[in-house]
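One letter stands for each residue in the lines below.
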Amino acid sequence: MRMYDLIKKKRDGGILTEQEIAYMIQGYTNGKIPDYQMSAMMMAMYYQGLNEKETLSLTMEMAHSGELLDLSAIHGVKVDKHSTGGVGDKTSLALTPMAAACGVKVAKMSGRGLGHTGGTIDKLESFAGFRTDITTEQFLSQVNRIGVAIMGQTADLAPADKKLYALRDVTATVDQMSLIASSIMSKKLAAGADAIVLDVKTGSGAFMKKEEDAEALAREMVRIGNGAGRKTTAVITDMDQPLGFAVGNALEVREAINTLSGNGPEDFLELCLTLGSHMLLAAGKADSEKQAREKLRGVIADGSALKKLADFVAAQGGDADMVYHPERLPRAAFTESVCAGSDGYISRIICDEVGICSLMLGGGRETKEDVIDLSVGIVFHKKKGDAVQSGDVVATLHANDKEKLAAAKNRLLRAIAVSAEPVSKVPLIKRVIT
Ligand code: URA
């Protein structure tokens, strides 16, 4: 078999066999197939798409490209959670300690930023010393001990996805339904949890811009997960504006801490309660959604979710004092306001553009090798539908480089629109697929 022939076959609209997909994934994982050939294949797949059988073969081959985690040493139902990626999506930072404080065993694997979206691992590194390259033994014992651990994708866990994820990030081949489904589900299956709760984003900040595409992605992932014996639930949620107010690594960590302290943005809290209730139900920690939501609100009110975050940060080598003193998190040198140019209502915040502005400030990667600046980003003061007067501050940019700041401000101004007519608010939770 030759990779050249497989690229040509897919480029011309052919259907790859299970053996061909296995050859391609194994060859790429062991370094025999170079990045440039795989880039061409990703672009061919991007344009030609994959059918259900190809998507399943790709998922299974990637899941088996490394070790399969055995979580049986953890007592109880192990639950994992994953988002398809968004802007300002700091959900795992607040939700995992909330669920763990309610007794759920959260064994989660997370990734870094991808395209215009941020990644949980990058955000967590805002805590000085925090490590996600923990051993499997540490992961298992930590979940047993404190109820939550988040590991990065090790070299052994779905390594094919790890390589492909980094490659797709810089070759404009992320936003393809089957590639996203196989990427997410391969690592979820390899990570071994019994139940998986998926947050499938839709809107201008999501990879799936249209709701029907998000629904197809959700159904595909639920089909793969349930087919593999994992109880899988997908919640389709709005990403047509940033989640909460903060976009950028340390800024989002601060907002997650505020949320666990009872002062979070309404939409972000609602998302945590919705996804969290599905985690509690899957783990048998609540009998109804109503009871689950009460429990989740309870662990915020009594401070146990915040304490769980501190325990989790400390367990993974991070500076837990930052949880109680978020002013110690990385901070940018300059701030600059973006103001409304007229009276009216915020009618549009082009969400992927916001993600790109954060990236331009240094908060994301332009190439695989880039080191990101954890302190930069954007904090919004208004949401879509909010009334504004000319001159009101709509967002504040946080930057360390004046040139990058000017370029990002210019772009952000074009991403925000004000209309004279009132604008209705969009529902955050669109539907649940089980
Ligand atoms: N998240 C992933 O893990 N993979 C994708 O392809 C997109 C979002």
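See the structure above.
Residues numbered from 1 in each chain as written. Predicted model: local features only at pLDDT ≥ 70, side-chain atom pairs only at ≥ 80, totals over all residues. Heavy atoms only, no water.

1. Side note on the overall build of the chain
Okay, so step 1: When you go through the chain residue by residue, the secondary structure sums to 17 helices and 13 strands.
Okay, so step 2: Radius of gyration (C-alpha) of the chain: 21 Å, near the 22 Å computed for a compact globule of 434 residues.
Okay, so step 3: A principal-axis box enclosing the C-alpha atoms of the chain has dimensions of 65 × 45 × 40 Å.
Okay, so step 4: Long-range pairs, those at least 24 residues apart, make up 78% of the contacts in the chain with a sequence separation of at least 6.
Okay, so step 5: As presented, the chain carries roughly 16,500 Å² of accessible surface, and 50% of it is formed by carbon and sulfur atoms. (Helix = DSSP H or I, 4+ residues; strand = E, 2+ residues; numbered from the N terminus. Rg over C-alpha atoms; globule rule 2.2 N^0.38 Å. Contact = heavy atoms within 4.5 Å. Areas by Shrake-Rupley, 256 points an atom, 1.4 Å probe, with all protein chains shown as cover.)

2. Here we look at the packing of aromatic side chains
Between two aromatic rings, the relevant description is the distance of the centres plus the angle of the planes.
Okay, so step 1: Per the counting criterion, the structure on display carries two aromatic pairs.
Okay, so step 2: Taking the centre distance of 5.4 Å and the plane angle of 80 degrees together, the rings of Y46 and Y47 count as edge-to-face.
Okay, so step 3: Ring centres of F130 and F312 lie 5.5 Å apart, and the angle between their planes is 70 degrees; this geometry places the pair in the edge-to-face category. Highlighted residues: F130 in the loop between α6 (120-124) and α7 (136-146) and F312 in helix α14 (residues 304-315), separated in sequence by 182 residues. Each member of the pair, F130 together with F312, is buried. (Phe/Tyr/Trp six-rings, centres within 6.5 Å; stacked < 30°, edge-to-face > 60°. Buried < 20%, exposed > 50% of the residue type's maximum accessible area, 1.4 Å probe, protein only.)

3. Considering the packing of helix α16 (residues 351-363) against helix α17 (residues 402-415)
Okay, so step 1: In contact at an axis separation of 9 Å, α16 and α17 are set at 175 degrees when each is read in the N-to-C sense. By the angle between their directions, the pair α16 and α17 is classed as roughly antiparallel. Every residue of α17 that contacts α16 at E353, V354, I356, C357, M360 and L361 is listed here: K404, L405, A407, A408, R411, L412 and A415.
Okay, so step 2: Grouping the constituent residues of the contact of α16 with α17 by class yields ten nonpolar, no polar and three charged. (Axes fitted to C-alpha atoms, helices over the stretch in contact; angles between N-to-C directions. Parallel < 35°, antiparallel > 145°, perpendicular 65-115°, else oblique. Nonpolar A, V, L, I, M, F, W, Y, C, P; charged D, E, K, R; others polar.)

4. Topic: the sheet that holds strand β4 (residues 195-202)
Okay, so step 1: Spatially, six strands are ordered β3-β2-β1-β4-β5-β13 in an open sheet, and the strand pairing comes out mixed. The open sheet has two free edges, formed respectively by β3 (148-152) and β13 (429-433), since each of these has just one partner strand. Each neighbouring strand pair of the sheet contributes to a mean axis angle of 20 degrees, computed without reference to strand direction.
Okay, so step 2: Where β4 meets strand β5 (residues 231-238), eight bridges bridge the pair, whose relative direction is parallel. Each residue of the ladder has a partner; that of V197, found in β5, is T233.
Okay, so step 3: Each of β1 (78-83), β2 (105-110), β4, β5 and β13 is contacted by helix α12 (residues 266-282), which is oriented at about 155 degrees to β4, the strand it contacts most. (Pairing = 2+ DSSP bridges.)

5. Re α7
The periodicity of an α-helix, 3.6 residues per turn, causes residues three or four places apart in sequence to face the same way.
Okay, so step 1: Along α7, the positions that sit buried rather than exposed are T136, F139, L140, Q142, V143 and I146. Seen along its axis, α7 keeps its buried residues to an arc of 165 degrees; they face one direction. Set apart from the buried face of α7 by more than 90 degrees, the exposed residues are E137 and R145.
Okay, so step 2: The inward-facing, buried residues of α7 contact α5 (91-101), β2, β3 and α14. (Arc of directions from axis to C-beta.)

6. Examining the packing of helix α2 (residues 18-29) against helix α3 (residues 35-48)
Okay, so step 1: Where α2 meets α3, the closest approach of the two axes is 11 Å, and the angle between their N-to-C directions is 140 degrees. The two elements α2 and α3 cross, and the hand of that crossing is left-handed. Residue-level contacts link M24, I25 and Y28 of α2 to D35, M38, M41 and M45 of α3.
Okay, so step 2: Here the contact of α2 with α3 is composed, by residue class, of six nonpolar, no polar and one charged. (Left-handed = near helix turned anticlockwise from the far one by under 90°.)

7. Let's talk about the sheet that holds strand β11 (residues 393-399)
Whenever strands of a sheet pair, they do so through backbone hydrogen bonds, lying parallel or antiparallel.
Okay, so step 1: Strand order in the open sheet formed by four strands is β6-β9-β11-β7, with antiparallel pairing between adjacent strands. Each having just a single partner strand, β6 (246-247) and β7 (334-339) make up the two edges of the open sheet.
Okay, so step 2: As defined by bridge partners, β6 adjoins strand β9 (residues 377-380) across two bridges and the pair is classed as antiparallel. Across the sheet, V247 pairs through a bridge with I378, a residue of β9.
Okay, so step 3: On the sheet, α17 packs against β7, β9 and β11 and is oriented at approximately 20 degrees with respect to β7.

8. Focus: the nonpolar core
Okay, so step 1: Judged by nonpolar contacts, the single largest core of 75 residues is most densely connected at M98, F127, F312, I378, F380 and L412.
Okay, so step 2: With eight residues, the single largest contributor to this core is α12.
Okay, so step 3: Both domains that meet at this core, namely domain 2 (79-324) and domain 3 (331-419), each give it at least three residues.
Okay, so step 4: Ranked by size, the runner-up nonpolar core spans 23 residues in total, among them M185, L189, A218 and A234. (Core = buried A, V, L, I, M, F, W, Y, C linked by side-chain atoms within 4.5 Å. Domains from an automatic or database assignment.)

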